[in-house]
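Coordinates in review
Listed below, chain by chain, are the residues.
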Amino acid sequence: MAEKIGPDGLRVLFTTSNWAGHWFCMVPLGWALQAAGHEVRVACAPAQARAVARAGLVPAPVLVSGDMMVLGRMTHYLAAVTGARTLPGLPRHPLTGAALASLDEFDLASMEDEFWAGHAANLRDGFAGVERLARDWRPDLVCHDVMGVDGAIVAARLGVPSVFVAPGLFGTVETVPGLDLRVADQAYRAVAADVGWSRERITHIVDPSPGAALPPVGDAARLPVRYVPYNGPGELPPWLRDAPDGRDRICVIWGHSATGMFGPDVPALRHAVHAAAATGAEVVLTASPEQVDALGPLPAGVRPLRGFPLDLLLPTCTAVIHHGSDNCMMNAAVAGVPQLALPLDHDQLAYGQRIEPTGAAIAVPGLAAGADDVAGALAALLGEPGYRAAARELRAEQAVRPAPADLVATLTELARHR
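The following refers to the structure shown. Note that the structure is a prediction, hence the values are computed from the model and not measured. For every chain, the first residue of its written sequence is number 1, and the numbers climb from 1 along that sequence. Reporting in this predicted model follows two pLDDT cut-offs: at least 70 for local features of residues, and 80 or more for side-chain atom pairs to be given and counted; totals over whole chains, interfaces and linings ignore these cut-offs and use all residues. Note that water and hydrogens are dropped before the side-chain values are worked out from all heavy atoms of the structure.

1. Some remarks on the overall build of the protein
To qualify as a helix, a DSSP run of H or I must reach at least 4 residues; to qualify as a strand, a run of E must reach at least 2; elements of each kind are numbered from the N terminus. Helices and strands together make up the secondary structure of the protein, namely 16 helices and 13 strands. Residue exposure (1.4 Å probe, protein chains only): buried if accessible area is under 20% of the type maximum, exposed if over 50%, otherwise partly exposed. Relative to its 418 residues, the protein shows a buried fraction of 55%. In these tables, accessible area is a Shrake-Rupley quantity obtained with a 1.4 Å probe, and a residue counts as shielded only by the protein chains included in the view. Of the roughly 17200 Å² of accessible surface on the protein, 54% is carried by carbon and sulfur atoms.

2. Re the pairing of strand β4 (residues 141-144)
Because side chains alternate across β4, one face comprises the buried residues L141 and C143, and the other comprises V142 and H144, equally buried. In this scheme, strands are said to pair when DSSP sees at least two bridges between them. Of the pairings in the sheet, the one linking strand β1 (residues 11-15) to β4 comprises four bridges and is parallel in character. When the sheet's bridge partners are listed, F14 is paired in β4 with C143. Bridging between β4 and strand β5 (residues 162-165) involves three bridges; their strand directions are parallel. Among the inter-strand pairings, C143 is bridged to a residue of β5, identified as V163. Handedness of the crossover is the feature at issue here: the chain leaves β4, passes through helix α6 (residues 150-158), returns alongside β5, and the resulting connection is right-handed. Crossover handedness is defined by viewing with both strands directed away from the observer: a clockwise path from the first strand over the helix to the second marks the crossover as right-handed.

3. A few points about the sheet that holds strand β8 (residues 249-254)
Pairing is parallel across the open sheet formed by six strands, whose spatial order is β10-β9-β8-β11-β12-β13. Pairing within the sheet leaves two strands with one partner each, and these edge strands are β10 (302-305) and β13 (361-363). Averaged over all neighbouring strand pairs, the angle between strand axes comes to 15°, with direction disregarded. Note: strand β9 (residues 282-287) against β10, four bridges, orientation parallel. Each residue of the ladder has a partner; that of L285, found in β10, is P304. With axes taken as lines fitted to C-alpha atoms, and helix axes fitted only over the stretch in contact, angles between N-to-C directions fall between 0 and 180 degrees.

4. Considering the packing of helix α9 (residues 267-278) against helix α14 (residues 371-383)
Look at α9 against α14: their axes get within 9 Å of each other, and the N-to-C directions meet at 45°. Our classification of the angle between α9 and α14 gives oblique. Of the two elements, α9 crosses α14, and the hand of that crossing is right-handed. Residues H271, A272, A275 and A276 of α9 lie in contact with α14, whose contacting residues are A371, V374, A375 and L378. Three residue categories are used. Nonpolar comprises Ala, Val, Leu, Ile, Met, Phe, Trp, Tyr, Cys and Pro, charged comprises Asp, Glu, Lys and Arg, and polar comprises the others, including Gly. Of the residues in the contact of α9 with α14, the class split is seven nonpolar, one polar and no charged. By definition in this entry, angles of less than 35 degrees are roughly parallel, angles greater than 145 are roughly antiparallel, angles of 65 to 115 are roughly perpendicular, and the rest are oblique. Here a crossing is taken to be left-handed if its near helix is turned anticlockwise relative to the far helix by less than a right angle, and right-handed if that turn runs clockwise. Contact definition: two residues touch when any of their heavy atoms are within 4.5 Å.

5. Side note on the packing of helix α2 (residues 27-35) against helix α16 (residues 404-416)
Relative orientation of the contacting elements α2 and α16 amounts to 65°, with a least axis distance of 8 Å. When the axes of α2 and α16 are compared, the crossing they make is right-handed. Touching P28, L29, A32 and L33 of α2 are P404, A405, V408 and L411, all from α16. Residues that form the contact of α2 with α16 fall into these classes: eight nonpolar, no polar and no charged.

6. Here's the deal with the state of the cysteines
Criterion for a disulfide: a pair of cysteine sulfur atoms at a distance within 2.5 Å. All told, the structure shown has zero disulfides when counted by the stated rule. A disulfide-free cysteine, C251 has its sulfur positioned 4.9 Å from the sulfur of C317, the nearest such atom.

7. Examining the sheet that holds β5
Strand pairing in a sheet takes place through backbone hydrogen bonds and is either antiparallel or parallel in direction. Overall, parallel pairing links the seven strands, which are arranged β3-β2-β1-β4-β5-β6-β7 in an open sheet. Edge strands, defined here as strands with exactly one partner in the open sheet, are β3 (59-60) and β7 (221-224). Docked against the sheet, helix α5 (residues 108-137) engages β1, β2 (39-43) and β3, running at close to 175° with respect to β1.

8. Let's talk about the environment of V408
Positionally, V408 belongs in helix α16. Here the alpha-carbon distance between V408 and A35, two residues 373 residues apart in the chain, equals 9.9 Å. Ignoring any residue separated from it by four or fewer positions in sequence, one finds V408 in contact with A32, L33, A36 and H38.

9. Re the nonpolar core
Counting residues in hydrophobic clusters, the biggest one holds 76 residues, and the most contacted among them are V12, F14, L141 and C143. For this core, the element with the most residues is α5, which contributes six residues. Setting aside chain neighbours within four positions, we find V12 in contact with L33, E39, V40, R41, W137, L141 and C143. Within this scheme, the nonpolar core is defined by two criteria: the residues are buried Ala, Val, Leu, Ile, Met, Phe, Trp, Tyr or Cys, and they are joined through side-chain atoms within 4.5 Å.

10. Looking at the pattern of salt bridges
What makes a salt bridge here is a side-chain nitrogen of Lys or Arg within 4 Å of a carboxyl oxygen of Asp or Glu, nothing more. A complete count under the given rule lists 13 salt bridges for this structure. Between D207 and R222 there is a salt bridge, with the nearest N and O atoms lying 2.6 Å from each other. Taken together, the residues span a long stretch of sequence, with D207 in strand β6 (residues 204-207) and R222 in strand β7 at a distance of 15 residues. The class for D207 is buried, based on a relative accessible area of 1%. We note a salt bridge from R249 to E282, for which the minimum N-O separation is 2.4 Å. With a gap of 33 residues between them, R249 in strand β8 and E282 in strand β9 connect regions that are remote in the sequence. The two residues R249 and E282 agree in class, both being buried. Salt bridges sharing common partners tie together E131, R135, R157 and D194.

Here's what the structure looks like:
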């Protein structure tokens, strides 16, 4: 028998990971639910609470999450030690992120057991925090990000429907290296043996992926949605409202994840900045201070920014060069901007392979890309009109998709008939 939703609307619990890029895609759906009179709470790590509040949502900092960069670097280091690493070069120091001259510079034997025991304890305590919040607050619906599966497991225990809100280009039953999270999900078996969690249990996915780049979703119901960019708060400076003296404007993006995983001195970033400047365009570089400092003196016509929202910048650009994250790709798709991806990690390489068939992007593996590779790819992106036409088609496709507000009725029905 369907349970009646209270007169004050739904209670919707969002669960997030300790990585803003994972949950930024959920923010517009949270706005839509709140605007429709529903109540939204966001279970997050304390490190994300301020960012959630600045997005206009209500954080509940109940998760206990370690540093995602440290976890990622440790995974890369272990892959290098076991011979499973397929990326060129040495990984960074797992704890400090410093460059390694040899794998022997990190004492894995003395650290590994302690590290993974701490990771398991964080996961267990964080899960317990989400479960306590859910049992006290009694949500009618749970929405979770790609790594925030605590909510999906708790929803299964409480008999509440849950929905995976995807960032785009990422499915539910991935087997591609870098996107296959089955090994990571095994860690939940100890805390959720009764549920038997696996991503095959996801029943609904809110998916903004372009039609030519749809990820696999197994038996889950795909709920298409327009990608509404959110990249943090910001203001519109006067220079951005004006055309750059009749020149092209090229945006170069190098996110914090690129620095955290591969250091601030990846040569591909320097190649991208110099190739863009050589075209005579105005170049807008958005990167961390460490990355800007590592570049040294910048070519004339390069404007460095720090933490600037992409959704304000990209619609004014002729092209964008980025490190290959799905957030960058989806922002460029909505803006209708041709993109050159220089993917670094395995997941970014997979995203690059998915976005290229749209015809709006070129992907060149960033860790192996030389100056000529980057310059040649950028020349093709700017010189061949097919890329701009395909980018406009991606923008037009997104424009006719249901907005997050249009999904509220569907999600309400899902909650009513749980």
